[in-house]
Amino acid sequence: AQHALARWQSAGTRGYTLQVAAFRDEGDIASDAAIARIARSVRLPVAAMREAGGRGPRVLVFVGEFPTAAVARRAIDHLPAPL
């Protein structure tokens, strides 16, 4: 998922993605397992990034690649309920 994020950031493309999760970074194994659960629950590309913040390290998870905001908003209706 981190490699997908790097690809998105370097591609220079314009578009939209959906942030579907933000959680405390509990370490590689626990965080990677959470990202994997999200990836299994959607049929969209998944990307993730770690960030250091005022409340401690967090993981942000994004899904999809959408050409317009309207298409991204419609995709929200097709996400699994927990997301």
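In the block above lies the structure referred to throughout.
Computed from a predicted model, the values in this text were never measured in an experiment. (Residues numbered from 1 in each chain as written. Predicted model: local features only at pLDDT ≥ 70, side-chain atom pairs only at ≥ 80, totals over all residues. Heavy atoms only, no water.)

Caption draft 1: Spotlight on the overall build of the protein chain. Scanning the protein chain for helices and strands turns up three helices and three strands. In the protein chain, the order of α-helices and β-strands from amino to carboxyl end is α-β-α-β-β-α. Residue burial in the protein chain is summarised as follows: out of 83 residues, 31% are buried. Counting only contacts in the protein chain whose residues sit at least 6 apart along the sequence, the fraction spanning at least 24 positions is 62%. For the protein chain, the exposed area adds up to about 5600 Å²; of that, 53% sits on carbon and sulfur atoms. (Helix = DSSP H or I, 4+ residues; strand = E, 2+ residues; numbered from the N terminus. Buried < 20%, exposed > 50% of the residue type's maximum accessible area, 1.4 Å probe, protein only. Contact = heavy atoms within 4.5 Å. Areas by Shrake-Rupley, 256 points an atom, 1.4 Å probe, with all protein chains shown as cover.)

Caption draft 2: Examining the side chain of S31 more closely. Relative to the assigned elements, S31 resides in helix α2 (residues 28–41). Of note is the side chain of S31, whose polar atom sits 2.7 Å from the side chain of D25. Contact partners of S31, with chain neighbours within four places excluded, come to F23, R24, D25, E26, R50 and V59. (Polar contact = N/O pair within 3.5 Å; in protein donor to acceptor, adjacent residues only side chain to side chain.)

Caption draft 3: Representation of the sheet that holds strand β1 (residues 16–24) within the structure. Reading across the sheet, the three strands line up as β1-β3-β2 and stay open at both edges, with antiparallel pairing between neighbours. The open sheet is flanked by β1 and β2 (46–51), the only strands paired with a single partner. Taking the axes of each pair of neighbouring strands and ignoring which way they run, one obtains an average angle of 25 degrees across the sheet. Summarising the sheet, β2 and strand β3 (residues 58–66) pair through six bridges and their orientation is antiparallel. (Pairing = 2+ DSSP bridges. Axes fitted to C-alpha atoms, helices over the stretch in contact; angles between N-to-C directions.)

Caption draft 4: View of the side chain of D25. Following the sequence through the fold, D25 ends up in the loop between β1 and α2. Given a relative accessible area of 18%, D25 falls into the buried group. In contact with D25, not counting residues within four places along its chain, are S31, R50, P57, R58 and V59.

Caption draft 5: A look at the environment of R73. Its location among the elements puts R73 in helix α3 (residues 69–76). The class of R73 is exposed, set by a relative accessible area of 55%. A sequence separation of 55 residues divides R73 from L18, and the C-alpha atoms of the two residues are 8.6 Å apart.

Caption draft 6: Expanded view of the pattern of salt bridges. With the rule as written, the count across this model stands at three salt bridges. Close ionic contact of R50 with D25 constitutes a salt bridge, the shortest N to O distance being 2.8 Å. Here R50 is found in strand β2, whereas its partner D25 is found in the loop between β1 and α2, with 25 residues between them in sequence. Ionic pairing is found between D32 and R50, a salt bridge with its closest N-O pair at 3.4 Å. Taken together, the residues span a long stretch of sequence, with D32 in helix α2 and R50 in strand β2 at a distance of 18 residues. Via salt bridges that share partners, D25, D32 and R50 belong to a single interconnected network. (Salt bridge = Lys/Arg side-chain N within 4 Å of Asp/Glu carboxyl O.)

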